[in-house]
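Overview (structure and organization)
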Amino acid sequence: MEKEIRELREALLDLTGVLNRPQPDSALIEAAGVDLERALFPLLVRVERLGPIGIVELAELAGRDYTTVSRQISKLEALGLVARCPNPEDRRIRAVIITNQGLAMTAELDIARQKIIAKLLMGWKEEEVKSLSLLLRRFADDALSWVKTI
């Protein structure tokens with residue numbers, strides 16, 4: 001299985017390289033027709049998907065410095081897209097939640113993302129897409145579990 005793991009690793013590196021480029025985020029924001037700084041986009045989406053979430057956890061997930069994420073969340077808050085509230089698990093910590101305005105924006109981003117991914121998968125069979133989704137989710141869940149142990 002050594003060859004297969006090497007090929008998987010190379011595919012993941014290629015995919016990560018694509019996802020870490022600024023162009024895909026910019027194209028998605030443009031396709032959605034929303035007015036949002038590209039650097040704020042991943043944070044807004046993570047807050048919508050995972051909130052309420054603390055700044056430290058959000059910074060870890062985004063691979064950014066805590067102070068940078070805190071400043072960027074302040075920008076999102078000023079735009080009315082997120083709000084800070086007491087963390088339900090630890091009242092000493094403030095958590096970030098999505099606002100209705102933020103939900104409306106992420107809904108527009110989701111519609112645009114759906115169209116882009118549908119174009120990428122246009123030549124795929126439905127069973128192939130289902131398999132990819134299932135296996136990728138399983139791999140991501142296992143990777144997330146592993147990260148929590150280190």
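What counts and how
- Residues numbered from 1 in each chain as written.
- Predicted model: local features only at pLDDT ≥ 70, side-chain atom pairs only at ≥ 80, totals over all residues.
- Heavy atoms only, no water.
- Helix = DSSP H or I, 4+ residues; strand = E, 2+ residues; numbered from the N terminus.
- Buried < 20%, exposed > 50% of the residue type's maximum accessible area, 1.4 Å probe, protein only.
- Lys, Arg positive; Asp, Glu negative; His and termini not counted.
- Salt bridge = Lys/Arg side-chain N within 4 Å of Asp/Glu carboxyl O.
- Contact = heavy atoms within 4.5 Å.
- Pairing = 2+ DSSP bridges.
- pLDDT = per-residue confidence, 0-100.
- Core = buried A, V, L, I, M, F, W, Y, C linked by side-chain atoms within 4.5 Å.
- Patch = residues over 30% accessible without salt bridge, like charges linked within 9 Å, V, L, I, M, F, W, Y side chains within 5 Å.
- Areas by Shrake-Rupley, 256 points an atom, 1.4 Å probe, with all protein chains shown as cover.

Side note on the side chain of Asp 25
By the element assignment, Asp 25 lies in helix 2 (residues 22-32). For the buried Asp 25, which has no salt bridge, the nearest side chain bearing the opposite charge is Arg 38, at an N-O separation of 4.8 Å. Apart from the residues lying within four places of it in its own chain, the contact partners of Asp 25 are Arg 38, Phe 41 and Pro 42.

Focus on the pattern of salt bridges
Here the idea is simple: oppositely charged side chains can pair when their charged atoms come close. Scanning all chains against the criterion turns up eight salt bridges. Here Glu 37 ties to Lys 75 by a salt bridge, and the two come within 3.6 Å at their closest N and O atoms. Here Glu 37 is found in the loop between helix 2 and helix 3 (41-50), whereas its partner Lys 75 is found in helix 5 (residues 66-78), with 38 residues between them in sequence. Take Glu 37: its relative accessible area is 42%, and that puts it in the partly exposed class. Residues Arg 84 and Glu 77 are paired through a salt bridge, measuring 3.0 Å at the closest nitrogen-oxygen approach. The exposure class assigned to Arg 84 is partly exposed, which follows from its relative accessible area of 22%. What you see here is one network of salt bridges that share partners, running through Glu 48, Arg 49, Asp 110 and Arg 113.

Overview of the side chain of Thr 106
Its place among the elements puts Thr 106 in helix 6 (residues 100-120). For Thr 106, the contacting residues outside a window of four places in its chain are Leu 44, Val 45, Glu 48 and Ile 98.

With respect to the pairing of strand 3 (residues 94-98)
Two elements, strand 1 (residues 53-54) and strand 3, share two bridges in a ladder whose sense is antiparallel. Bridge assignment links Gly 54 to a residue of strand 3, and that residue is Ala 95. Alignment of strand 2 (residues 82-86) against strand 3, held across five bridges, turns out to be antiparallel. Bridge pairing links Val 82 to Ile 98 in strand 3.

Considerations on the confidence of the model for the protein
Per-residue confidence for the protein gives a mean pLDDT of 92; residues scoring 70 or more make up 100%. Across the protein, helix 5 holds the top mean pLDDT of 96, while helix 2 sits lowest at 90.

Examining the nonpolar core
Counting 25 residues, the largest nonpolar core has Leu 36, Leu 44, Val 47, Ile 73, Leu 76, Val 82 and Leu 109 as its most contacted members. Elements represented by at least two residues in this core include exactly helix 2, helix 3, helix 4 (55-62), helix 5, strand 3 and helix 6. Take this core: its biggest share by element is five residues, from helix 3. Those residues in contact with Leu 36 that sit more than four places away from it in its chain are Ile 29, Phe 41, Leu 44, Leu 76, Leu 79, Leu 81 and Met 105.

Comments concerning the environment of Ala 107
Note that Ala 107 resides in helix 6. In sequence terms Ala 107 and Phe 139 are 32 residues apart; their C-alpha atoms lie 26 Å from each other.

Digging into a nonpolar patch on the surface
Where nonpolar side chains cluster on the molecular surface, the patch consists of Leu 15, Val 18 and Leu 19 and spans about 260 Å² of accessible area. Among the secondary structure elements, Leu 15 is positioned in helix 1 (residues 2-20). Using a relative accessible area of 41% as the deciding quantity, one classes Leu 15 as partly exposed.

Concerning the sheet that holds strand 3
Through backbone hydrogen bonds, the strands of a sheet pair up, either in parallel or in antiparallel fashion. Ordered in space as 1-3-2, the three strands form an open sheet in which the pairing is antiparallel. In this open sheet, the two edge strands, each paired with only one partner strand, are strand 1 and strand 2.

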